[in-house]
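Now for the letters of each chain:
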Amino acid sequence: MVLLRGPLVISSVGDAGFSASHGIFAVLTGNLANVVRGYSYGAVYAFNGTTGSLIWVHFDRGNVMPTPAVVDGLVVYGDGSGHIVALNLSSGKVVWRTYVGTSAFDSMSSTNYYIFPNGTAIAVMGFTLAKAPFGEMVAVNVNNGHLVWNFSLPSGYTPFNTGMGDVSPAVDQSNGILVQSTIVNFVKENKTIGLGVFALNVTNGHLLWIEQIGRGYVPPAFKGGVPTIVDGVVYVGSPVTNSLFALNESNGKIVWEAQIPNVQGPPQGAGGGRANPVVVNGYVIEPAGSYVNVYNATNGMLIKNYYVGGRFGIVNAVVVGNTVFLDNSYSWAFAIPLSNIL
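Trainee: Explain the pattern of salt bridges to me, and be specific about the residues and the numbers.
Mentor: Applying the stated criterion across every chain, the model contains 3 salt bridges. The partner of Arg97 in a salt bridge is Asp79, with the nearest N and O atoms 3.8 Å apart. Note that Arg97 is positioned in strand β7 (residues 94-99) and Asp79 in the loop between β5 (74-78) and β6 (83-88), a separation of 18 residues in sequence. Classification of Arg97 by relative accessible area gives partly exposed; the value is 41%. Judged by its relative accessible area of 0%, Asp79 falls in the buried class.

Trainee: An account of the sheet that holds strand β16 (residues 206-217) is needed here, citing residue identities and associated values.
Mentor: The pairing of strands in a sheet happens through backbone hydrogen bonds and is either parallel or antiparallel. As summarised here, the arrangement of the 4 strands in space is β13-β14-β15-β16, forming an open sheet in which the pairing is antiparallel. Of all strands in the sheet, those bounded by a partner on one side alone are β13 (170-172) and β16. Ignoring which end each strand starts from, the neighbouring axes of this sheet average 25° apart. Bridge count between strand β15 (residues 192-201) and β16: 9 bridges; the pairing is antiparallel. The residue of β16 that forms the bridge with Leu200 is Leu207.

Trainee: Break down the sheet that holds strand β26 (residues 333-337) for me, with residues and values.
Mentor: The strand order β24-β25-β26 describes an open sheet built from 3 strands, whose pairing is antiparallel. Taken across any chain shown, the strands that pair with only one partner, and hence form the sheet edges, are β24 (318-320) and β26. Neighbour-to-neighbour, the strand axes of this sheet turn through a mean angle of 25°, independent of strand direction. Where β24 and strand β25 (residues 323-327) come together, 3 bridges link them in antiparallel fashion.

Trainee: I'd love a proper account of the environment of Arg37, names of residues and values included.
Mentor: In this fold, Arg37 is placed in the loop between α1 (20-29) and β2 (42-48). A C-alpha to C-alpha distance of 15 Å links Arg37 and Ser12, two positions 25 residues apart in sequence.

Trainee: Which residues make up the nonpolar core, and what are the values?
Mentor: As a rule of thumb, nonpolar side chains are buried together in soluble globular proteins. Judged by nonpolar contacts, the single largest core of 17 residues is most densely connected at Val179, Val197, Ile213, Val236 and Leu247. Looking at this core, the elements with two or more residues in it are β14 (177-187), β15, β16, β18 (233-238) and β19 (243-248). If one sorts the elements of this core by residue count, β15 sits on top with 4 residues. The residues contacting Leu247, other than those within four sequence positions of it, are Val197, Trp209, Ile213, Gly232, Val233, Val234, Val236, Gly252, Lys253, Ile254 and Val255.

Trainee: Before we move on, can you summarise the pairing of strand β23 (residues 302-312) with the specific residues and values?
Mentor: Moving residue by residue along a regular strand, the side chains alternate between the two faces of the sheet. Note: strand β22 (residues 283-296) against β23, 6 bridges, orientation antiparallel. Of the residues in β23, the one forming a bridge with Tyr291 is Tyr307. Between β22 and β23, which follow one another and run antiparallel, lie 5 residues, and Gly300 among them has a positive phi close to 80°.

Trainee: Which residues make up the environment of Gly78, and what values do they have?
Mentor: Looking at where Gly78 falls in the secondary structure, it is placed in strand β5. Judged by its relative accessible area of 0%, Gly78 falls in the buried class. Taking the C-alpha atoms as reference points, Gly78 and Thr111, separated by 33 residues in sequence, lie 7.2 Å from one another. Not counting chain neighbours up to four residues away, the residues in contact with Gly78 comprise Pro66, His83, Ile84, Asp106, Thr111, Met125 and Phe127.

Trainee: Any chance you could break down the environment of Val233 for me, citing the residues and the numbers?
Mentor: For Val233, the location among the structural elements is in strand β18. Relative accessible area serves as the criterion here: at 18%, Val233 is assigned to the buried category. Sequence spacing of Val233 and Glu249 is 16 residues, and the spatial spacing of their C-alpha atoms is 5.1 Å.

Trainee: How would you summarise the packing of aromatic side chains if you had to cite specific residues and measurements?
Mentor: With the rule as written, the count across this model stands at 9 aromatic pairs. With 5.4 Å between their ring centres and 40° between their planes, Phe151 and Phe198 make a pair best called tilted. Within this pair, whereas Phe151 is found in strand β12 (residues 147-151), its partner Phe198 is found in strand β15, the two being separated by 47 residues in sequence. In this structure, Phe151 and Phe198 share a single accessibility class: buried. When the centroid spacing of 4.4 Å and the interplanar angle of 15° are considered together, the rings of Phe160 and Phe186 count as stacked. Of this pair, Phe160 sits in the loop between β12 and β13 while Phe186 sits in strand β14; the two residues are 26 residues apart in sequence, bridging distant segments of the chain. The class for Phe186 is partly exposed, based on a relative accessible area of 33%. Among the aromatic side chains, those forming a connected cluster through ring pairs are Tyr45, Phe47 and Phe59.

About the criteria used
- Residues numbered from 1 in each chain as written.
- Predicted model: local features only at pLDDT ≥ 70, side-chain atom pairs only at ≥ 80, totals over all residues.
- Heavy atoms only, no water.
- Salt bridge = Lys/Arg side-chain N within 4 Å of Asp/Glu carboxyl O.
- Helix = DSSP H or I, 4+ residues; strand = E, 2+ residues; numbered from the N terminus.
- Buried < 20%, exposed > 50% of the residue type's maximum accessible area, 1.4 Å probe, protein only.
- Pairing = 2+ DSSP bridges.
- Axes fitted to C-alpha atoms, helices over the stretch in contact; angles between N-to-C directions.
- Core = buried A, V, L, I, M, F, W, Y, C linked by side-chain atoms within 4.5 Å.
- Contact = heavy atoms within 4.5 Å.
- Phe/Tyr/Trp six-rings, centres within 6.5 Å; stacked < 30°, edge-to-face > 60°.

Here you go:
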């Protein structure tokens, strides 16, 4: 029995190791169940939020890099072995474990969720597959782990690399819409790629719209852009074109596009626009490179290019009250007055 004192802090860990030859060998030999993302460890930890003491830990096969969601007393996440797992929030014990399918793995697609009017919750996340269709979105019933729907891209859009298993989906609870992006349609001759952004009816997984926004060289690191939905607008970055987009949520049409300054784009650089934009007081905050960029949310005009230093990777700003919290790839954490950035 676990006695909880104070709030819980849930933390997931896992390495990014993955050998391309591992996946190719699995496909050639038909041994697709052994496609696993992560070389060594994967685990979810629960700490007492007041004292920092360890409450429980659950070890898993493959990485658990994605951020879990806490829904209906469960900790729900996708892992590197092709499973969606639900743990009891109080004890860390496995409540259910659903196998998505052979050759599937969740790389960094964190769990989001939607709650139906009757109170039933579904968890949604992206998975990469080592064989066609190379990626899918999956929704499961939070209560029992049963598959509700899965979705793969339509003809003319082929995910590339870890693609759909990398990007965390955005869910608009009020409109019942899910939005995600993935790099698509790699051209071997010139080594270019497009960024595909699509919207689904989150209740049934039916495609509402899909758009390829821009084409450029393949980024060397994380290649997608995590979307944010605010007031009928989808804000999403593209490392492929080193830019930030605002799209109409209802049809996917571009409202505005803005270049991300002071960041080298691919193929030499990783590009900007990888983390989900944060909208505050009519502004869009998007860290990239050594800077925190601030845009007018209505027209995309760059308002400020705030220098912090180091390098921001896949990190979004977290705004609490009048403070912006950030960390970077150099292991620094920052707390910046919101007034300095806006």
